[in-house]
Amino acid sequence: MATQTSRSSSAGIEQSHDSAPDMETIRRQIEERLSEALPDHGRADPLTAAMRAATLGTGKRMRPLLLMLVARDLGCNSPALLDAACAVELVHAASLILDDLPCMDDAKLRRGLPTVHRQFGEHVAILASVALLSRAFQLLSQAPGIPAHVRTRLVGALADTVGAQGLVRGQFLDLHGNPQRSLDDIARTNELKTGVLLGLSVEMAAIIAEADERVLQALRAFALSAGQAFQIKDDLLDDAGAAITGKDAGQDAGKATFNATLGRERTAGRLADHLREADTYLSDAIGGMQGTRGLVGTLFRNAGPQAAAHAS
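Residues numbered from 1 in each chain as written. Predicted model: local features only at pLDDT ≥ 70, side-chain atom pairs only at ≥ 80, totals over all residues. Heavy atoms only, no water.

**Some words on the overall build of the chain**
Secondary structure summary: the chain contains 15 helices and two strands in total. Pairs at least 24 residues apart make up 76% of the contacts formed inside the chain by residues separated by at least 6 positions. Per element, the accessible surface of the chain, about 13,400 Å² overall, is 53% carbon and sulfur. (Helix = DSSP H or I, 4+ residues; strand = E, 2+ residues; numbered from the N terminus. Contact = heavy atoms within 4.5 Å. Areas by Shrake-Rupley, 256 points an atom, 1.4 Å probe, with all protein chains shown as cover.)

**Considering the packing of helix α8 (residues 167-176) against helix α9 (residues 183-209)**
The geometry of α8 relative to α9 is characterised by a closest axis approach of 8 Å and an angle of 150° between their N-to-C directions. Judged by the sense of rotation from one axis to the other, the crossing of α8 with α9 is left-handed. Residue-level inspection shows Leu167, Arg169, Gly170, Leu173 and Asp174 of α8 in contact with α9, the latter providing Thr189, Leu192, Lys193, Val196 and Leu197. Broken down by class, the residue content of the contact of α8 with α9 amounts to five nonpolar, two polar and three charged. (Axes fitted to C-alpha atoms, helices over the stretch in contact; angles between N-to-C directions. Left-handed = near helix turned anticlockwise from the far one by under 90°. Nonpolar A, V, L, I, M, F, W, Y, C, P; charged D, E, K, R; others polar.)

**Things to note about the environment of Leu236**
Along the chain, Leu236 turns up in helix α10 (residues 213-236). In the structure, Leu236 is positioned 32 residues away from Ala268 in sequence and 8.1 Å away in space, judged by C-alpha atoms. Those residues within four positions of Leu236 in sequence are excluded, and the remaining contacts are Asn259, Arg264, Thr267, Ala268 and Leu271.

**Brief notes about the layout of surface pockets**
A water-sized probe rolled over the atoms picks out the places where empty space is left. Of the voids in this model, the second largest pocket is the one considered here, and its volume is about 280 Å³. As for the second largest pocket, its lining consists of 15 residues, of which Thr161, Val196, Gly199, Leu200 and Glu203 are closest to the centre. When contributions to the lining of the second largest pocket are tallied by element, the ones reaching two or more residues are α7 (148-162), α9 and α10. Element by element, the count of residues in the lining of the second largest pocket is highest for α9, at eight residues. Looking at the lining of the second largest pocket, its residues break down into five nonpolar, five polar and five charged. (1 Å grid on protein atoms, 1.4 Å probe; cavity = no way out; pocket = protein on both sides within 12 Å on 5 of 7 lines; lining within 4 Å. Points joined across faces, edges and corners; volume = space filled by probe spheres on them.)

**A closer look at the nonpolar core**
Leu132, Met204 and Leu219 are the most contacted members of the largest nonpolar core, which has 90 residues in total. When residues of this core are assigned to their parent elements, the largest contribution, 14 residues, is made by α9. Here Met204 is in contact with Leu67, Ala84, Val88, Leu140, Leu154 and Leu158, once residues within four sequence places are set aside. (Core = buried A, V, L, I, M, F, W, Y, C linked by side-chain atoms within 4.5 Å. Buried < 20%, exposed > 50% of the residue type's maximum accessible area, 1.4 Å probe, protein only.)

**A look at the side chain of Arg52**
In this structure, Arg52 sits in helix α2 (residues 46-55). Buried and unpaired, Arg52 has no salt bridge, with Asp40 as the nearest side chain of opposite charge at 4.1 Å. Beyond its immediate chain neighbours, meaning those up to four positions away, Arg52 contacts Ser35, Leu38, Pro39 and Asp40. (Lys, Arg positive; Asp, Glu negative; His and termini not counted. Salt bridge = Lys/Arg side-chain N within 4 Å of Asp/Glu carboxyl O.)

**Quick word on the pattern of salt bridges**
For the structure shown, the criterion picks out 14 salt bridges. Put simply, Lys193 and Asp174 hold a salt bridge, and the shortest N to O gap is 3.5 Å. With Lys193 in helix α9 and Asp174 in helix α8, the pair connects residues that are 19 residues apart, well separated along the chain. Residue Lys193 is classed as partly exposed on the basis of its relative accessible area, which comes to 24%. Arg220 is the partner of Glu213 in a salt bridge, and the nearest nitrogen-oxygen pair spans 3.9 Å. Taking relative accessible area as the criterion, Glu213 reaches 46% and is therefore assigned partly exposed. Through salt bridges with shared partners, a single ionic network connects Glu31, Arg61, Glu89 and Arg111.

**What about the confidence of the model for the chain?**
Across the chain, the average pLDDT comes to 85, with 84% of residues at 70 or higher. Note on residues 1-21: pLDDT under 50 across the span, and 59 contacts to partners over four residues away in sequence or across chains. Every residue in residues 304-312 scores below 50 in pLDDT, and together they form 14 contacts with partners more than four places removed in sequence or on other chains. (pLDDT = per-residue confidence, 0-100.)

**What about a nonpolar patch on the surface?**
Together, Leu98, Ile126 and Val130 make up an exposed nonpolar region whose accessible area comes to about 230 Å². With respect to the helices and strands, Val130 occurs in helix α6 (residues 122-142). Residue classification places Val130 among the exposed residues on the basis of a relative accessible area of 51%. (Patch = residues over 30% accessible without salt bridge, like charges linked within 9 Å, V, L, I, M, F, W, Y side chains within 5 Å.)

**Overview of α10**
Here α10 spans 35 Å end to end across 24 residues, near enough to the 34 Å set by a 1.5 Å rise per residue. Within α10, 18 of the 24 residues are buried, leaving the element largely enclosed by the surrounding structure. By the N-cap criterion, in which a side-chain oxygen at the helix start approaches the backbone nitrogen of a residue two or three places on, α10 is capped by Asp212, the distance to Arg214 being 3.2 Å. (Expected span 1.5 Å × (residues − 1). Polar contact = N/O pair within 3.5 Å; in protein donor to acceptor, adjacent residues only side chain to side chain.)

**Section: the side chain of Gln228**
Relative to the elements of secondary structure, Gln228 occurs in helix α10. Beyond its immediate sequence surroundings of up to four residues, Gln228 is in contact with Ala187, Asn190, Glu191, Phe258 and His274.

This is the structure in structure tokens:
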């Protein structure tokens, strides 16, 4: 499978307009496949209704879009990409259900709507999260057009990401971390909360594209930097309110974040540093291809004047 490996000094992270139509087409494909993967049985079946409520709707689809666009930038158009991308999104949806529970972040809103446990009850929410994880592995195990050794790597990567050294560890550290944690500890929590799913997205894209190890390592480094930037952006918006974020304001109160530790100005500068790093690593992996850059530019275009100035 052909991969792009050249560096491009002129490719900026904000150069996204030429890829917008393709991105919207891919987004529609993802929405349609997610809906197919979670059949609608109506309110008579609260479990499937909760699964659909958690997954479908107004999400950014950052992770599945990232997987699809990275793979395309690597020259890959495998029919397995769509199911792999949706598997990642199902894991993300499952993690949000758990994050929002009263015993976790006790959130009332998600994407501008009542959280799943407030709509369906805590017991249904927990079971829906488990069912979404199971459906993710099922989708991946049945994804078309890939050899057995590739499928095995994909399933292993997904399991590693969900487990005790991935998303589960990130949520644990977020809940139990000392408010006086060091900057390195905050970065580690951010990596596990956000970076690991971005890392999974790019790793799956590289695995399906059968890219070489150098490209895979560059993509992993890109995902870590982009994940840090995304979590910092989320922290900076924590007090913006539901009209802007679709979530409860003040969820980070009492938690150790870069914003709380460094202040907004220095935190925005740190965000900009991560965006520059991300683009450097992306150039190492895909050269001047613009699909993935289009997504990153869209996600961070409103990250703030200081970050935008450094990222352009």
